[in-house]
Amino acid sequence: MEITGPTGYISNNQPSVSGSVTSTGGNITGVYGRYGSGRSSWMLATPVDGTFDSPYEEFVYTVLGPLLDGEHIIEIKSLNEVGEKDAVLYAV
Ligand SMILES: [Ca+2]
C-alpha cells in the first residue's frame, strides 16, 4: 500500500490532505485521518469516487476545525481487505 500527498508548509488553518492509495492486498476498505498533539479520533476521509471499494482510491481528508498557527502533524492511515495498514505523517 502506498500513500502519496502534499508536502511542505501551507497557510490554510483548516488544511486538507489529499492523495492516493494503492493496495496490493485486495480492495481498500477505508482511509482515515487524525491530527493534533493529543491525536483526534480517526475520522474517515472522503473517497474522491464516492466509495472506498477498489484497489486504487483517491482521498481527501480535511481537519475538523481551524488549527492554531504553528506546526501540526496530520496522520493518514489506510486499511484494505486483508487488514493491512499503512500510515503516513504530514507536517502542516
Ligand atoms: Ca472506489
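Residues numbered from 1 in each chain as written. Predicted model: local features only at pLDDT ≥ 70, side-chain atom pairs only at ≥ 80, totals over all residues.

Notes on the pairing of strand 2 (residues 16-22)
Here's step 1: Side chains V17, G19 and V21 of strand 2 all project onto a buried face; the interleaved residues S16, S18, S20 and T22 project onto a face where none is buried.
Here's step 2: Where strand 2 meets strand 6 (residues 56-62), seven bridges bridge the pair, whose relative direction is antiparallel. Note that in strand 6 the partner of G19 across the bridge is F59. (Buried ≥ 20, exposed ≤ 12 C-beta atoms within 10 Å, placed from the backbone. Helix = DSSP H or I, 4+ residues; strand = E, 2+ residues; numbered from the N terminus. Pairing = 2+ DSSP bridges.)

Digging into the environment of T29
Here's step 1: Tracing the sequence through the fold places T29 in strand 3 (residues 28-35).
Here's step 2: Counting along the chain gives 25 residues from T29 to S54, while the straight-line C-alpha distance between them is 7.8 Å.
Here's step 3: Contact partners of T29, with chain neighbours within four places excluded, come to F52, L79, N80 and E81. (Contact = placed C-beta atoms within 7 Å.)

Side note on the pairing of strand 7 (residues 73-80)
Here's step 1: Judged by which residues are buried, strand 7 turns out to be one-sided: I74, I76, S78 and N80 face inward and are buried, whereas I73, E75, K77 and L79, on the alternate face, are not.
Here's step 2: The sheet contact formed by strand 3 and strand 7 spans seven bridges and is antiparallel. Bridging from a neighbouring strand, Y35 pairs with I74 of strand 7.

Just distances and angles here, no functional claims.
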